[in-house]
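This is what each chain is made of:
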There are 2 protein chains.
Amino acid sequence: MLEPVKISKALSEPIRYKIMLLLVNQYSREGPQCCSSSTEGVCNCEIMAEFGMIQSRVSYHMKELTEAGLVTEKPFGKWKYYSLNTETLKDYVTRLGMDFKL
Amino acid sequence: MLEPVKISKALSEPIRYKIMLLLVNQYSREGPQCCSSSTEGVCNCEIMAEFGMIQSRVSYHMKELTEAGLVTEKPFGKWKYYSLNTETLKDYVTRLGMDFKL
DNA sequence: TTATCATATCAAATAATTTTGATATATGCA
DNA sequence: TGCATATATCAAAATTATTTGATATGATAA
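Cut-offs and rules
Residues numbered from 1 in each chain as written. Chains lettered and ligands numbered in written order. Predicted model: local features only at pLDDT ≥ 70, side-chain atom pairs only at ≥ 80, totals over all residues. Heavy atoms only, no water. Contact = heavy atoms within 4.5 Å. Buried area = accessible area lost by both parts, 1.4 Å probe. Salt bridge = Lys/Arg side-chain N within 4 Å of Asp/Glu carboxyl O. Polar contact = N/O pair within 3.5 Å; in protein donor to acceptor, adjacent residues only side chain to side chain. Helix = DSSP H or I, 4+ residues; strand = E, 2+ residues; numbered from the N terminus. Nonpolar A, V, L, I, M, F, W, Y, C, P; charged D, E, K, R; others polar. Phe/Tyr/Trp six-rings, centres within 6.5 Å; stacked < 30°, edge-to-face > 60°. Buried < 20%, exposed > 50% of the residue type's maximum accessible area, 1.4 Å probe, protein only.

A. Fine view of the interface of chain B and chain A. Taken together, the 25 residues of chain B in the interface contact 25 residues of chain A. Note on chain B versus chain A: buried area summed over both sides is about 2,200 Å², and carbon and sulfur give 76% of it. On the chain B side of the contact with chain A, Y17, F100 and L102 of chain B bury the most area, a combined 31% of that side's loss. Across the contact surface, chain B and chain A share zero salt bridges. For the pair chain B and chain A, the number of links is five residue pairs in polar contact (both at pLDDT 80 or more). Those elements that provide at least two residues to the side of chain B that touches chain A are helix 1 (4-11), helix 2 (14-25) and helix 5 (86-99) of chain B. Of the residues forming the side of chain B that touches chain A, the biggest block, eight residues, is contributed by helix 5 of chain B. Split by residue class, the side of chain B that touches chain A holds 15 nonpolar, four polar and six charged.

As structure tokens, this is what we get:
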């Protein structure tokens, strides 16, 4: 069941919106990274590096995004890869269109 | 210039989302109202009546919605009529589609 | 003008969210 | 097993958002 208010809230935090943009564009950064590059998504520590955030802060925001259904998690060994759930975004957009007769 | 984070925040508050729904469906309620019924929109005091909110609270939320560009205000005498700005919503939806490649 | 009504604004109180540092859990490897 | 690494969780602090009651502004009408 789609909750447009919850999805709006997830998108309403600037750093979370930036993380979403990072996920859609895939991570590409030079130098050593904690997890091996993957086409499966972007890992926690890559997000830390990209935005200079500490680990618990990244973890918190990824949980918010995941619980809103905007991001899916894929554990791989000790890492976790995140990717966009575009279906939720599509449903959200559709719902706004219906609710507000766009 | 469209600010998707700001629009998301405006939509992320439950009572604001309900007010938006009220605006799109137009107000229709029995009994005495403070302002005369209008096709131009819904007035502050009608929103107070609909949700049992005090005046300053309604005023605060209408300001949030207006500043996000989601609602337009139309002063009429001592009243003010609010209506949805569907253009902003359409632009928001378009922007999400582009940002996240939907 | 004065009284009344609708809305706006303000400061203080309350509530919700976010950030941080510490610690816990879980996996992989020597 | 024991150690290192990646992520999760927790409690406290910091920040931001919302609510409230009081007062201000601005328009109407007597």
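Once the structure has been displayed, the description carries forward.
B. Region of the structure containing unusual backbone geometry. Positive phi is not limited to glycine here, since K101 of chain A has a value of about 50 degrees. With respect to the helices and strands, the residue K101 of chain A is situated in the segment after helix 5 (86-99).

C. Molecular detail of the packing of aromatic side chains. Evaluated as defined, the whole model comprises seven aromatic pairs over all chains. Measuring from ring centre to ring centre gives 6.4 Å for Y92 of chain A and Y92 of chain B, while their planes differ by 85 degrees; the resulting arrangement is edge-to-face. Of this pair, Y92 of chain A sits in helix 5 while Y92 of chain B sits in helix 5, which puts the two residues in different chains. Here Y92 of chain A and Y92 of chain B have matching classes, each one buried. With centroids separated by 6.3 Å and ring planes inclined at 50 degrees, the aromatic side chains of F76 of chain B and Y81 of chain B adopt a geometry described as tilted. One aromatic cluster is present, formed by F76, W79 and Y81 of chain A through successive ring pairs.

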